[in-house]
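Survey of secondary and tertiary structure
Listed here are the chains, written in short residue letters.
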Amino acid sequence: MAKMAASIGEHGEDAFRKLFKFYKRRSPAPDLSNVVDFSKSVKHEKVSTTELNPAAMSDEEARRTGLRPVRDWRAFGLQGYPGFMFISNPFLPGSQQHWVKQCLKTYPQKPNVCNLDMHMAPTDTQDIWGKSADVLRKPSSRIREPKTLLEKLRWVTLGYHYNWDTKTYSADECSPFPDDLHLLSGHVAAACQFPGFKAEAGILNYYRSDSSLGIHVDESELDHTQPLLSFSFGQSAIFLLGGTQREDPPTAMYMHSGDIMVMSGHSRLRYHAVPRVVPAPEGDPLHPSLEAEGLAPGQDPAQGEASVIQSMEKEEWAVCFRYIQTSRVNMTVRQVLGPGQAFPLKDKRTETVKGYTEGYHDSQDGENVGLKRRRSSNSSDLVNVLL
Ligand SMILES: O=C(O)CCC(=O)C(=O)O
Ligand SMILES: [Mn+2]
């Protein structure tokens, strides 16, 4: 079957979609032996090490955002993908938890925008965490209970809010970008030789164990000379990175908790997708780097003066832990405008009414054209119906 994964792409036509379907398939489960794993000590032949800038920040500055000193980071490149960098979990033990909590508790709050806003009243979506926490904390098996709002969350946008209908950002759909994520992104970009990077927009994607993210290119930012940063937490996933054409067969790689990916230069505008979340084997449900064991609230190693890493209440981590045991969260951070650049003037006639969208989340074997979905008539759940 590994052979199949390799040969599928050779036939040319839309090699990306064929591999997407291959890795998404449930039965029989695909052979994952061709998936590049940057965390393994024996590296794939296409993997090389990459130079970072260890002077980009002091060890103290790194610690304030929960990062190890840059000289200790393990960063890799991939043959055939210039500008692509993969940093294998550079987070200090115990500090990923902060970012998970931000994604689940803080970032979904108003004025940030999420998929639930598209079909619920603002009063119903203003406390997603509060409305979900008690249910999620309950250890009982909740198989037949309705999903909590947190479990229905698919995407959140930060800063310049991406408009899924027009596929644009605009000056009037903007809220303050979170300071902590701004600082983290600036540090990572600087270590990757992009010292001027400004975090202006973020898309957070929330994956359940059966979620996938359709094939797409992130090209709506007006400045493509700046990198796109991606941070992954929770369950591992398979990421497909292709070329600038759908006919270019993609490379499959694992993204584990804490891993950071940087798409820049010739790899900035490449097709990519997430066909599969790969949950950890039962009995070992959390990636070891996410274990909070031994960390009493207020004792996180990355905390301290001027640190953005907040203390974690036991109760809060219980909710995050429960969620992340079966889920994955990814944050992508983008600079939208180059120096001196401004948004083009809006043509009122082309303004659209916002419909419900699940963002980049996959509906049709990788295709996410016409992503808008409507509600099923006999269920409060959302179903995948293409409009
Ligand atoms: O979840 C991921 O790893 C990718 C997310 C992504 O491609 C995006 O938000 O544009
Ligand atoms: Mn993307």
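Residues numbered from 1 in each chain as written. Chains lettered and ligands numbered in written order. Predicted model: local features only at pLDDT ≥ 70, side-chain atom pairs only at ≥ 80, totals over all residues. Heavy atoms only, no water.

1. Some points on the site of ligand 1
Near ligand 1 lie 14 residues; those nearest to it are Asn205, Tyr207, His272, Arg328 and Arg334. Contact between ligand 1 and Asn205: an oxygen atom at 2.9 Å from a side-chain N or O atom of the residue. Take Arg328: an N or O atom from its side chain is 2.9 Å from an oxygen atom of ligand 1. Burial of ligand 1 by the surrounding chains reaches 99%, relative to a free accessible area of 300 Å². Taken atom by atom, the bulk of ligand 1 overlaps the largest cavity. When residues of the shell around ligand 1 are traced back to their parent elements, those giving at least two are β6 (201-207), β7 (213-216), β12 (272-278) and β13 (328-334). (Near = heavy atom within 4 Å. Polar contact = N/O pair within 3.5 Å; in protein donor to acceptor, adjacent residues only side chain to side chain. Areas by Shrake-Rupley, 256 points an atom, 1.4 Å probe, with all protein chains shown as cover. 1 Å grid on protein atoms, 1.4 Å probe; cavity = no way out; pocket = protein on both sides within 12 Å on 5 of 7 lines; lining within 4 Å. Sits in = over half its atoms within 2 Å of the grid points. Helix = DSSP H or I, 4+ residues; strand = E, 2+ residues; numbered from the N terminus.)

2. Let's talk about the sheet that holds strand β1 (residues 47-49)
Each strand in a sheet pairs with its neighbour through backbone hydrogen bonds, running either in the same direction (parallel) or in the opposite one (antiparallel). Ordered in space as β1-β2-β3-β11-β8-β13-β6-β5-β4, the nine strands form an open sheet in which the pairing is antiparallel. Edge positions in the open sheet fall to β1 and β4 (113-114), since each of these has one partner strand only. Pairing of β4 with strand β5 (residues 155-159) involves two bridges; the strand directions are antiparallel. Bridge pairing links Val113 to Thr157 in β5. Its contacts with the sheet put helix α8 (residues 179-191) on β3 (84-88), β5, β8 (228-234), β11 (260-263) and β13, and the angle it makes with β8 is roughly 115°. (Pairing = 2+ DSSP bridges. Contact = heavy atoms within 4.5 Å. Axes fitted to C-alpha atoms, helices over the stretch in contact; angles between N-to-C directions.)

3. Some points on unusual backbone geometry
Among all residues save glycine, negative phi is the norm, and among peptide bonds the norm is trans. Omega for the bond connecting Ser27 with Pro28 falls within 30 degrees of zero, at -5°, which places this linkage in the cis form. Mapping Pro28 onto the fold places it in the loop between α2 (15-24) and β1. Look at the link from Lys110 to Pro111: it is a cis peptide, with omega at 10°. With respect to the secondary-structure elements, Pro111 resides in the loop between α4 (96-106) and β4. Its identity as a non-glycine residue notwithstanding, Lys167 has a phi of 60°, on the positive side. Within the secondary structure, Lys167 is located in the loop between β5 and α8.

4. Comments concerning the pattern of salt bridges
Under the defined criterion, the tally for this structure stands at 15 salt bridges. Here Lys105 and Glu316 are joined by a salt bridge, their closest N and O atoms 2.7 Å apart. Highlighted residues: Lys105 in helix α4 and Glu316 in helix α9 (residues 314-324), separated in sequence by 211 residues. Residue classification places Lys105 among the partly exposed residues on the basis of a relative accessible area of 24%. (Salt bridge = Lys/Arg side-chain N within 4 Å of Asp/Glu carboxyl O. Buried < 20%, exposed > 50% of the residue type's maximum accessible area, 1.4 Å probe, protein only.)

5. Topic: the confidence of the model for the protein
Overall, the prediction assigns the protein a mean pLDDT of 87, with 82% of residues at 70 or greater. Considering only residues more than four positions removed or in separate chains, one finds that residues 369-387, a stretch of pLDDT under 50, has 43 contacts. (pLDDT = per-residue confidence, 0-100.)

6. Things to note about the coordination of the manganese ion (ligand 2)
Only His216 (NE2), Asp218 (OD) and His272 (NE2) from the protein coordinate the manganese ion (ligand 2), and they sit 2.0 to 2.2 Å from it. Read in sequence order, the donor residues coordinating the manganese ion (ligand 2) give the pattern H-x1-D-x53-H. The class of His216 is buried, set by a relative accessible area of 6%. Overall, Asp218 belongs to the buried group, its relative accessible area being 3%. (Donors = N, O, S within 2.8 Å, 3.2 Å for Na, K, Ca; no water.)

7. Some remarks on the packing of helix α6 (residues 128-137) against α9
At a minimum axis separation of 9 Å, α6 and α9 run at an interaxial angle of 80°. In terms of orientation, α6 and α9 fall into the roughly perpendicular class. Contacts from Trp129, Ala133, Leu136 and Arg137 of α6 reach α9 at Glu315, Glu316, Ala318, Val319, Cys320 and Arg322. Here the contact of α6 with α9 is built from residues that sort into six nonpolar, no polar and four charged. (Parallel < 35°, antiparallel > 145°, perpendicular 65-115°, else oblique. Nonpolar A, V, L, I, M, F, W, Y, C, P; charged D, E, K, R; others polar.)

8. Let's talk about empty space enclosed by the protein
If you roll a probe as big as a water molecule over the atoms, it shows you where there is empty space left. In total, this model carries three cavities of 30 Å³ or more according to the counting rule given. Its volume calculated, the largest cavity comes out at about 130 Å³. Around the largest cavity, the lining comprises 19 residues; the ones closest to its centre are Leu213, Phe239, His272, Asn330 and Thr332. When residues of the lining of the largest cavity are assigned to their parent elements, the largest contribution, four residues, is made by β13. (Points joined across faces, edges and corners; volume = space filled by probe spheres on them.)

9. A few points about the environment of Leu183
Turning to its location among the elements, Leu183 is positioned in helix α8. By relative accessible area, Leu183 is classed as partly exposed at 35%. On a C-alpha basis, the gap between Leu183 and Arg64 in space is 9.1 Å, while along the polypeptide they are 119 residues apart. Discounting residues that sit within four places of it in the chain, Leu183 has contacts with Thr65 and Val308.

10. What about the packing of α4 against α9?
Orientation of α4 relative to α9, taken along the N-to-C sense of each, is 85°, at an axis distance of 10 Å. By the angle between their directions, the pair α4 and α9 is classed as roughly perpendicular. Contacts between α4 and α9 pair Gln97, Val100, Lys101, Leu104 and Lys105 from the former with Glu316, Trp317, Cys320, Tyr323 and Ile324 from the latter. Considered class by class, the residues forming the contact of α4 with α9 number six nonpolar, one polar and three charged.

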